[in-house]
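# Report on the structure
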Amino acid sequence: MSNRFKNAEHLIRVAAVFVAGLIIFIFVRGLIVPKSFGQYGHYRGAALTEIAARTPVYAGREACEACHSDVVDVKKAGKHAGVGCEACHGPLAKHAEDPASLIPKLPDVATLCGKCHEANSAKPAKFPQVVSKEHAGDVVCNTCHKPHNPGIGGDSK
Amino acid sequence: MKSSRREFLAKATEYILLTGAAATAWEYVSTGKAEASPNYKTTEHWWAMIIDIEKCIGCGNCVRACSVENDVPEGYFRTWIERYYVPAWGAENPEVDSPDGGIHGFPEAKHEKPGKTFFVPKLCNHCADSPCTQVCPVGATFVSPDGVVLVDEKYCLGCRYCVQACPYGCRFISPKTNTAVKCTLCYHRITKGLTTACCEACPTAARVLGDLKNPKDPIHEYLRTHSVQVLKPHMATGAKVFYNGLDGSVR
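Residues numbered from 1 in each chain as written. Chains lettered and ligands numbered in written order. Predicted model: local features only at pLDDT ≥ 70, side-chain atom pairs only at ≥ 80, totals over all residues.

## Thoughts on the overall build of chain A
In terms of regular secondary structure, chain A is built from eight helices and zero strands. The order of α-helices and β-strands along chain A, N terminus first, is α-α-α-α-α-α-α-α. For 157 residues, the compact-globule estimate of 2.2 N^0.38 gives 15 Å, and the C-alpha radius of gyration of chain A, at 33 Å, exceeds that figure by more than 25%. In terms of overall dimensions, chain A has a C-alpha envelope of 110 × 40 × 25 Å along the principal axes. Per-residue burial for chain A yields a buried fraction of 23% across its 157 residues. Intrachain contacts of chain A at a sequence separation of at least 6 include 52% that bridge at least 24 residues. (Helix = DSSP H or I, 4+ residues; strand = E, 2+ residues; numbered from the N terminus. Rg over C-alpha atoms; globule rule 2.2 N^0.38 Å. Buried ≥ 20, exposed ≤ 12 C-beta atoms within 10 Å, placed from the backbone. Contact = placed C-beta atoms within 7 Å.)

Printed below as a string of structure tokens:
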């Protein structure tokens, strides 16, 4: 009987090393691995919140339409009804947040319209496009076409 | 009951490993739910996008909008437009150009041989079985519970494995942070109920964001009534950017 535990000291030493190792492992792991790691999968769950925390730069057309309902009515009648406000006016989340903080500038018609409507063989054939030099020479587009309702004779709002 | 040192070590190792697993499980249980936005539940969405080639006019609005919205470094693109020119009988060898990612639109290009030419907007396909997330050695990139492929900037080592793994070339290493950067499907917008910047700025609705988990989303009707295709379907990436009117020559 006494023989069996004669060398127990060896085992206790090894066990002690293992226990110490285990404690260090758990402790260090607790320090290194972020709390949210593994929350949804093999990644840091908090990353989702961090990425989502960025502030939008484009306000979205609903935000524009909340105040500028007069323009919405004009647009509805014309071919630009589906075009979002910020597609031409640029990102204006700041303006939507606090209108006085950023007064939007009118887009430069000379370059703006051509971005979409300048003829290009790669554009879908159905899309209205012109070679602006032939179509109007140096006359700017909004002399005849009002951007919110571009048909000739459209509302000038 | 004789136990050799070898057996003892084996048993001890087993216990240590078990404890590790139990610790992981406990961590999973103990962490609370942290939603991205107060009213946004990640489990209730599965994001996708429709791109209609027949509507894309190559104006570059999406590229500009993405650049501004996400502060994309100059010369890099999270979304870009390619112009394809496919000569007659030449579907195998299309000519593709994308000057500055199409950020300034496209100048007219003349081709001698007759053929067809069209625009193909590209972005991360937010694959359900994405090759890029599978190669990350540290768990810095992942498919979120709502189906968006994201990069955890704080965890990314910048090892570039994912840049190589993406079959669509949608990732790059940001010169600012030296981490992998890609389209986040404007995660900061969609979690707030907005659409992506590119969809917001697209004048022809050639891009439309869709939520496959929302039964009322028009994307279902669209997918049912149109012949859509994903890019590189043979790679079985589970891509969620659906192209309408996609030509066979597009890579």
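## Looking at the sheet that holds strand β3 (residues 95-97) of chain B
Residue and element names in this part refer to chain B. Pairing within the open sheet is antiparallel, and its three strands lie in the order β3-β2-β4. Across the chains shown, the open sheet's two edge strands, defined by having one partner strand only, are β3 and β4 (115-123). Ignoring which end each strand starts from, the neighbouring axes of this sheet average 25 degrees apart. Pairing geometry for strand β2 (residues 79-87) and β4, over nine bridges, is antiparallel. Within β4, the residue paired with Arg83 across the bridge is Phe119. Of the strands in this sheet, β2 and β4 touch helix α2 (residues 61-70), which is tilted by about 155 degrees from β2. (Pairing = 2+ DSSP bridges. Axes fitted to C-alpha atoms, helices over the stretch in contact; angles between N-to-C directions.)

## Thoughts on the interface of chain B and chain A
Between chain B and chain A, the contact holds 51 residues from the first and 41 residues from the second. Elements represented by at least two residues in the side of chain B that touches chain A include exactly α1 (5-30), α2, β4, α5 (187-190) and α6 (197-201) of chain B. No other element matches α1 of chain B, which puts eight residues into the side of chain B that touches chain A.

## Focus on unusual backbone geometry
Residue and element names in this part refer to chain B. Despite not being glycine, Asp100 shows a phi value in the positive range, around 50 degrees. Note on placement: Asp100 falls in the loop between β3 and β4. The exposure class of Asp100 is partly exposed, given the 14 C-beta atoms found within 10 Å. Unusually for a residue other than glycine, Lys232 sits at a positive phi of about 45 degrees. Here Lys232 lies in the loop between β10 (228-229) and β11 (241-244).

## Side note on the environment of Pro73 of chain B
Residues and elements named next belong to chain B. Summarising the element assignment, Pro73 is placed in the loop between α2 and β2. The exposure class assigned to Pro73 is partly exposed, which follows from the 14 C-beta atoms found within 10 Å. As for Pro73 and Gly58, which are separated by 15 residues in sequence, their C-alpha atoms are 21 Å apart. The contact partners of Pro73, leaving out residues within four places of it in the chain, are Ser174, Pro175 and Lys176.

## Notes on the environment of Glu74 of chain B
With respect to the secondary-structure elements, Glu74 of chain B resides in the loop between α2 and β2. Owing to 9 C-beta atoms within 10 Å, Glu74 of chain B belongs among the exposed residues under this scheme.

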